[in-house]
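Per-entry structural report
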Amino acid sequence: MTTPRPSSPPPLRSSTEERRGDPGQRTPDNHVDHVLGLADDALVSAQRMGWWISRAPQLEEDLALANIGLDLLGQARALLSHAGALEGQGRGEDDLAYWRDERDFRNVKLVERPQEDFGVAMARLLVLSTWQSELYAALQRSTDPVLAAVAAKAAKEVAYHHDHATRWVLRLGDGTPESHARMQAALDAEWPWIEELFDESHLDPALVTDGVAVAPSSLREPVLRRLGDVVRSATLEVPDVPARVPGGRAGLHTEHLGRMLAEMQHLTRSHPGATW
Amino acid sequence: MYGNDFSAPDGPRPATDAGPGPDEPASFLAVLAEEGRIEPRDEMPEAYRRTLVRQIAQHAHSEIIGMQPEGNWISRAPSLRRKGILMAKVQDEAGHGLYLYAAAETLGVDRADLLDQLHDGRQKYSSIFNYPTLTWADMGAIGWLVDGAAIVNQVPLCRCSFGPYARAMVRVCKEESFHQRQGFEILHTLSHGTPAQRAMAQDAVDRYWWPSLMMFGPTDTGPDASAGHTAQSMAWGIKRFSNDELRQRFIDMTVPQAEALGLTLPDPELRWNDERGHYDHGRIDFTELFEVIKGNGPCNAERMAHRVRAHEDGAWVREAAEAYAAKRTQEQEHVA
């Protein structure tokens, strides 16, 4: 359940099961959930990226990772505000970011695990940015005009993220024997989480029919093809590993998300009703 | 900030006190006399070059170590807007570090060597970053007081006699002034917020006031003046005002701002002196400054450990990038 925020917007209707309408019938809630999913992917990624600032392998990379984190945070803010507006209960970006618990977050599990190894961070950024670039390219034609506008801006940003991650995967894959081994291990660690990006079990098909959302499965072929091309160019192997069970879109996360949110939310929640 | 040049009185003295002497070329003296700029290819005394390398490197190191105390709050910023502003601010500090290392490199040194000297303690960074950031209000106090002090110190450096340093400072000062306003705004919001937020703001100002005054360095005028580089640096047009003049300017500027914030500064002796046209202030305990410079501040060990760990953890990445670049060069040569 969501923690109610004293003296401010109404509590969430919450609980995943209650919120979901009948599959096949597009409901406003499902639309909100879909936007929240994309918002949470960006927010959680930005939070993880923020860890790197002051810890990067060189100063130029501190700047680049901060840039990427800021882009992701900007996407998250726009999408959260949009989700709040669609919901129509007066919740803004901070209500949604700071006053939901982990069961109400809708991000994929790919983005929520710690990424304190540079190879892992770049492997994950490659996966995320490849997927986001296909997703946002398609969402620019969404019948939800706000989503289309956010996608148009984000498409340019994630193109840079993809370029940045690609260059590092190439350097690390085709660098030294150590970097080759570490980059391969990083890919092996991230690959099981890719399949969740294409999972449709928590998306209302009516959103796709109505042109609001992109069918996640339609992105599988281009995303995997592009990832494979980069991995092979980097003299690495595409991991052959079983996919992990999805669930993030339904609020079923790894144990890492709760800790991340505890840190992210604690100050705000310690001062209910305060403005910052 | 952090463009200052002093050490603890009983610590090792950098070997730069050569003083103006016969090794100062006429062309160099002529540029100084005209208030012109010395450029990297111009003739300059070795002691001038060494002083600048040390000061610019210390300044650059301060920028990158300064990323840590604020980076400490990125994950916990209390709103997404504040999180974005803080990330951008810490990113600016990385950018300042980059310009400054580049400015130092025009003097014939190498960034990697300067970083090694930071990591093994041969070069210093500003003592202010050895204080912990304990609450969110510290983000406000650092922006308002620490960046405010940095601006007062750095604006004259925009007229420094060494061209690359002066030009880097022009851009740095613009960004610092933005940071200072952001810090003021954080504190303004807190001091007009809930009682707990107001208390948080006052506590941060109480903790950061004296260390901010110490950022200008020890007293270098009057009977209590400590032996430092001030006279030589002023003769060379690197430094334009004494530590005490700059500190006074900062105090005069800050007291009315504290009043606007509705916060008090933790100095009962702080009062306007009509005769001097300045604020009088209480005695600054420089023994604290010297202890922090010597490594005995609250966070010296943590700041260095964080920095060294990031550098060591990134070694395999830098090595890979070099190896990859070498392979590409080889390929191109092969094709050619």
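Residues numbered from 1 in each chain as written. Chains lettered and ligands numbered in written order. Predicted model: local features only at pLDDT ≥ 70, side-chain atom pairs only at ≥ 80, totals over all residues. Heavy atoms only, no water.

Along the backbone of chain A there are ten helices and zero strands. Moving toward the C terminus, one meets the helices and strands of chain A in the order α-α-α-α-α-α-α-α-α-α. For 276 residues, the compact-globule formula gives about 19 Å, and the C-alpha radius of gyration of chain A, at 18 Å, lands near that figure. Principal axes of the C-alpha set define a box for chain A whose edges measure 55 × 40 × 30 Å. A burial count over chain A gives 61% of its 276 residues as buried. For chain A, the share of sequence-separated contacts (at least 6 apart) that also reach a separation of at least 24 residues comes to 79%. Of the roughly 10400 Å² of accessible surface on chain A, 55% is carried by carbon and sulfur atoms. With 29 positive and 41 negative side-chain charges, chain A shows a separation of 2 Å between the mean positions of the two kinds. (Helix = DSSP H or I, 4+ residues; strand = E, 2+ residues; numbered from the N terminus. Rg over C-alpha atoms; globule rule 2.2 N^0.38 Å. Buried < 20%, exposed > 50% of the residue type's maximum accessible area, 1.4 Å probe, protein only. Contact = heavy atoms within 4.5 Å. Areas by Shrake-Rupley, 256 points an atom, 1.4 Å probe, with all protein chains shown as cover. Lys, Arg positive; Asp, Glu negative; His and termini not counted. Charge placed at Lys NZ, Arg CZ, Asp CG, Glu CD.)

The subject of this paragraph is helix α11 (residues 286–296) of chain B. All names here are of chain B. Of the residues making up α11, those classed as buried are Phe286, Leu289, Phe290, Val292 and Ile293. Taken down its axis, α11 places every buried residue within 155 degrees of arc, on the same side. The exposed residues of α11 that point more than 90 degrees off its buried face are Thr287 and Asn296. (Arc of directions from axis to C-beta.)

Our focus in this paragraph is the packing of aromatic side chains. Here the structure, examined in full by the defined rule, presents ten aromatic pairs over all chains. Both rings, one in A:Trp51 and one in A:Trp52, keep their centres 5.0 Å apart while their planes meet at 85 degrees; by these two values the pair is edge-to-face. The class of A:Trp52 is buried, set by a relative accessible area of 4%. Among the aromatic side chains, those forming a connected cluster through ring pairs are A:Trp51, A:Trp52, A:Phe118 and A:Trp168. In this structure, A:Arg171 packs its charged tip against the face of A:Trp168, placed 4.4 Å from the ring centre. Residue placement shows B:Arg249 over the ring face of B:Phe241; its charged tip is 4.3 Å from the ring centre. (Phe/Tyr/Trp six-rings, centres within 6.5 Å; stacked < 30°, edge-to-face > 60°. Lys NZ or Arg CZ within 6 Å of the ring centre and 35° of its normal.)

So, about the packing of helix α2 (residues 28–50) of chain A against helix α10 (residues 255–270) of chain A. Working note: a packed helix pair is described by the angle between its axes plus the distance between those axes. All names here are of chain A. Contact pair α2 / α10: the axes reach a minimum separation of 12 Å and the direction vectors enclose 75 degrees. As far as their axial angle goes, α10 and α2 are roughly perpendicular. Side by side, α2 and α10 meet where Leu43, Val44, Gln47 and Arg48 of the first sit next to His256, Leu257, Met260 and Met264 of the second. (Axes fitted to C-alpha atoms, helices over the stretch in contact; angles between N-to-C directions. Parallel < 35°, antiparallel > 145°, perpendicular 65-115°, else oblique.)

Here chain A shows a mean pLDDT of 92. Residues at 70 or above account for 91%. Counted against residues more than four places away or in other chains, residues 1–24 of chain A, with its pLDDT under 50, gives 64 contacts. (pLDDT = per-residue confidence, 0-100.)

The next subject is empty space enclosed by the protein. A water-sized probe, rolled over the atoms, reveals where empty space remains. Residue and element names in this part refer to chain A. All chains considered together, the criterion is met by five cavities of 30 Å³ or more. Empty space within the largest cavity amounts to approximately 240 Å³. Surrounding the largest cavity, 21 residues form its lining, His34, His202, Leu203, Pro216 and Arg249 being those nearest its centre. Elements that contribute at least two residues to the lining of the largest cavity include exactly α2 and α5 (118–139). Among the residues forming the lining of the largest cavity, the class breakdown is ten nonpolar, four polar and seven charged. (1 Å grid on protein atoms, 1.4 Å probe; cavity = no way out; pocket = protein on both sides within 12 Å on 5 of 7 lines; lining within 4 Å. Points joined across faces, edges and corners; volume = space filled by probe spheres on them. Nonpolar A, V, L, I, M, F, W, Y, C, P; charged D, E, K, R; others polar.)

A word on the nonpolar core. As a rule of thumb, soluble globular proteins bury nonpolar side chains together. If you look at the biggest cluster of nonpolar residues, it comprises 176 residues, and the most contacted ones within it are B:Trp136 and B:Phe162. The element that contributes the greatest number of residues to this core is α5(A), accounting for 14 residues. Setting aside residues up to four positions removed in sequence, B:Phe162 forms contacts with B:Arg37, B:Ile38, B:Glu39, B:Pro40, B:Met44, B:Tyr48, B:Leu52, B:Ile56, B:Ala103, B:Thr106 and B:Leu107. (Core = buried A, V, L, I, M, F, W, Y, C linked by side-chain atoms within 4.5 Å.)

Let us now look at the pattern of salt bridges. If you walk through the whole model with that rule in mind, you get 37 salt bridges over all chains. Residues B:Lys327 and A:Asp174 are paired through a salt bridge, measuring 3.0 Å at the closest nitrogen-oxygen approach. Taken together, the residues span two chains, with B:Lys327 in helix α13 (residues 315–335) and A:Asp174 in the loop between α6 (145–173) and α7 (177–190). Owing to a relative accessible area of 29%, B:Lys327 belongs among the partly exposed residues under this scheme. A:Asp174 gets classed as buried once you look at its relative accessible area, which sits at 15%. Ionic pairing is found between A:Asp229 and A:Arg232, a salt bridge with its closest N-O pair at 3.6 Å. (Salt bridge = Lys/Arg side-chain N within 4 Å of Asp/Glu carboxyl O.)

Here we take up the interface of chain B and chain A. Taken together, the contact pairs 45 residues of chain B with 47 residues of chain A. The junction of chain B with chain A conceals about 4000 Å² of combined surface from both sides, 67% of it contributed by carbon and sulfur atoms. Taken together, the connections running from chain B to chain A amount to 17 residue pairs in polar contact (both at pLDDT 80 or more). Among the secondary structure elements, those contributing two or more residues to the side of chain B that touches chain A are α3 (67–71), α4 (80–105), α7 (163–191), α8 (195–214), α12 (300–313) and α13 of chain B. (Buried area = accessible area lost by both parts, 1.4 Å probe. Polar contact = N/O pair within 3.5 Å; in protein donor to acceptor, adjacent residues only side chain to side chain.)

This part is about the environment of A:Trp52. Residue and element names in this part refer to chain A. Tracing the chain through its elements places Trp52 in the loop between α2 and α3 (59–87). For Trp52 and Gln75, which are 23 residues apart along the polypeptide, the C-alpha to C-alpha distance reads 19 Å. When sequence neighbours within four positions are dropped, the list of residues in contact with Trp52 reads Asp62, Leu65, Gln115, Glu116, Asp117, Phe118 and Ala121.

Considering the arrangement of structural elements, one finds A:Asp95 in helix α4 (residues 93–98). In terms of polar contacts, A:Asp95 uses its side chain to reach the backbone amide nitrogen of A:Gly92, at 2.8 Å.

Residues B:Glu105, B:Asp110, B:Asp113 and B:Asp116 make up a contiguous surface patch of negative charge. For B:Asp110, the position within the fold is in the loop between α4 and α5 (111–119). (Patch = residues over 30% accessible without salt bridge, like charges linked within 9 Å, V, L, I, M, F, W, Y side chains within 5 Å.)

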